[in-house]
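Next come the chains, spelled out residue by residue.
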Amino acid sequence: MENTINWSELSFGYMKTDYNIRCYYRNGKWGELEISSAETINVHISSTCLHYGQEAFEGLKAFRGKDGRIRIFRLGDNARRLQESSRGIMMAEMPTDKFEEAVLTAVRLNERFVPPYGSGASLYIRPLLLGLGALIGVKPADEYVFIVFVSPVGPYFKTGFKPAPVCIMRNYDRAAPLGTGNIKVGGNYAASLVAGSKAQAGGYAAVLYLDPKEKRFLDECGPANFFAIRENTYITPASNSILPSITNKSLIQLAEDMGLTVERRPIPVAELESFEEAAECGTAAVITPISRIDDLDENRSYVYSKDGNPGVTCEKLYRTLSAVQTGDLADNYGWVTVL
Ligand SMILES: *Cc1c(COP(=O)(O)O)cnc(C)c1O
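Residues numbered from 1 in each chain as written. Predicted model: local features only at pLDDT ≥ 70, side-chain atom pairs only at ≥ 80, totals over all residues. Heavy atoms only, no water.

**Q** Which parts of the structure should I look at to understand the packing of helix H5 (residues 246–257) against helix H6 (residues 312–326)?
**A** A pair of packed helices can be characterised by two numbers: the angle between their axes and the separation between those axes. Between H5 and H6, the least distance of the axes is 10 Å, while the angle of their chain directions is 110°. The angle between the axes of H5 and H6 places the two elements in the roughly perpendicular class. Residues Thr247, Ser250, Leu251, Leu254 and Ala255 of H5 pack against Leu317, Thr320 and Leu321 of H6. Taken together, the residues of the contact of H5 with H6 sort by class into five nonpolar, three polar and no charged. (Axes fitted to C-alpha atoms, helices over the stretch in contact; angles between N-to-C directions. Helix = DSSP H or I, 4+ residues; strand = E, 2+ residues; numbered from the N terminus. Parallel < 35°, antiparallel > 145°, perpendicular 65-115°, else oblique. Contact = heavy atoms within 4.5 Å. Nonpolar A, V, L, I, M, F, W, Y, C, P; charged D, E, K, R; others polar.)

Structure, rendered in structure tokens:
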């Protein structure tokens, strides 16, 4: 089949590819990986994933290098994070080697959908784990399906790497203080839809959530972690209710390599005033610089970009991480799996 994809026009959305992978857990063990070209699954109407949110997911990317080879970023870290999510909501754990094999197979079989080097586009990989079976009572499922599908996605920033505004709203939380904020489960996303759409209606890229217990500290930005730069220091929240972002973990390492000091600690809202740069980070966009934070309850604004350009440190971190992902810079930490 010939490729007729216009890589430069891709958005961050779903596109049908040739194959996806499924693997079932039944009678206490995982079965063989199955290759499918169907876009639907057949699940029992009483499945726990449908009623009780027993569902977790991952998100990672494959990039085409200058050498034409395909590189997958931090595959093992995503496998381990899905296992943590699984423990958090009592699902069967997908072993790391099987997770990796499923992702590698999905990418290989859909190789024609991996965008070319230099297009800014990449192949988004979405692993899913769902609780199945005929249950009505609230308890963990006996059966699970693990799925990996892929979709080519365009550069997150159509108009270039540009800062966007976010807002603080104290009357919404995405997660409870000792709830599921630290695992990648669908329920956190459902819980964030109302606040997210309100923010978008107000012209904001995201909500910057505060810690759900005291509303004193910064948590994270909906589906992305928060970090700030001040006096050659990379500052990012420590909190039980945020998701440990693999992008953030990577940026922390690169920031240290660049000679920045790294602080991971509770960040009081009052500290927003002192930051030179602020940003969101995650797989989808790598870094989204924050132009301005509007605290809608306190009627205050914190401005980090007046001229519409990202700060120098955000820009440097973004370029460095992107270059490691595409293979332009050395992979010093074994983050990249080359196909
Ligand atoms: C996935 C996710 C992130 C970003 O994690 P990455 O591993 O960097 O993609 C941040 N916050 C939440 C709530 C997430 O679900």
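From this point, things continue past the structure.
**Q** What am I meant to see in the nonpolar core here?
**A** The nonpolar side chains of soluble globular proteins are, as a tendency, buried together. Among the nonpolar cores identified, the biggest contains 39 residues, and Trp30, Ile72, Val107, Ile125 and Phe146 are the most heavily contacted of them. Listing elements by their share of this core, those giving two or more residues are strand E1 (20–26), strand E5 (60–64), strand E6 (70–73), helix H2 (75–88), helix H3 (96–109), strand E7 (122–132) and strand E8 (143–153). Setting aside residues up to four positions removed in sequence, Ile125 forms contacts with Glu58, Gly59, Leu60, Lys61, Ala62, Ile72, Val103, Val107, Val148, Phe149 and Val150. The next biggest cluster of nonpolar side chains, apart from the first, holds 22 residues, and it includes Phe73, Val286, Leu317 and Trp335. (Core = buried A, V, L, I, M, F, W, Y, C linked by side-chain atoms within 4.5 Å. Buried < 20%, exposed > 50% of the residue type's maximum accessible area, 1.4 Å probe, protein only.)

**Q** Explain the pattern of salt bridges to me, please; I cannot follow it from the model alone.
**A** Two side chains carrying opposite charge are able to pair once their charged atoms lie near each other. This structure, assessed with the given rule, holds 20 salt bridges. Note that Glu111 is salt-bridged to Arg64, the shortest N-O span being 3.8 Å. Of this pair, Glu111 sits in the loop between H3 and E7 while Arg64 sits in strand E5; the two residues are 47 residues apart in sequence, bridging distant segments of the chain. Glu111 sits in the partly exposed class, given a relative accessible area of 37%. Residues Asp295 and Arg170 are paired through a salt bridge, measuring 2.7 Å at the closest nitrogen-oxygen approach. Note that Asp295 is positioned in strand E16 (residues 286–295) and Arg170 in the loop between strand E9 (164–168) and helix H4 (186–201), a separation of 125 residues in sequence. (Salt bridge = Lys/Arg side-chain N within 4 Å of Asp/Glu carboxyl O.)

**Q** Sorry if this is basic, but what is going on with the environment of Ser197 here?
**A** The topology assignment puts Ser197 in helix H4. Placed ten residues apart in sequence, Ser197 and Val207 show a C-alpha to C-alpha distance of 9.4 Å.

**Q** Help me understand H2 in this model?
**A** Residues that lie three or four places apart on an α-helix share one face, since the helix turns once every 3.6 residues. For H2, built from 14 residues, the straight-helix expectation of 20 Å at 1.5 Å per residue is met to within 8% by its first-to-last C-alpha distance of 20 Å. For H2, the buried fraction is high: ten of the 14 residues fall into the buried class. Within the span of H2, buried status applies to Leu75, Gly76, Asp77, Asn78, Ala79, Arg81, Leu82, Gln83, Ser85 and Ser86. Among the residues trailing H2, Met90 stands out with phi positive, at a value near 55°. (Expected span 1.5 Å × (residues − 1).)

**Q** Got a minute to help me understand the pairing of strand E10 (residues 206–210) in this structure?
**A** Along a regular strand, successive side chains alternate from one face of the sheet to the other. Taken across its five residues, E10 has five buried, putting it largely inside the fold. Bridge analysis of E9 against E10 gives two bridges, and the strand direction is parallel. Paired with Val166 across the two strands is Ala206, which belongs to E10. After leaving E9, the chain enters H4 and then returns to the sheet as E10, a path that is right-handed. In the sheet, E10 pairs with strand E11 (residues 218–221) via two bridges, with the strands oriented antiparallel. What sits directly across from Leu208, in E11, is Cys221. (Pairing = 2+ DSSP bridges. Right-handed = clockwise from strand over helix to strand, strands pointing away.)

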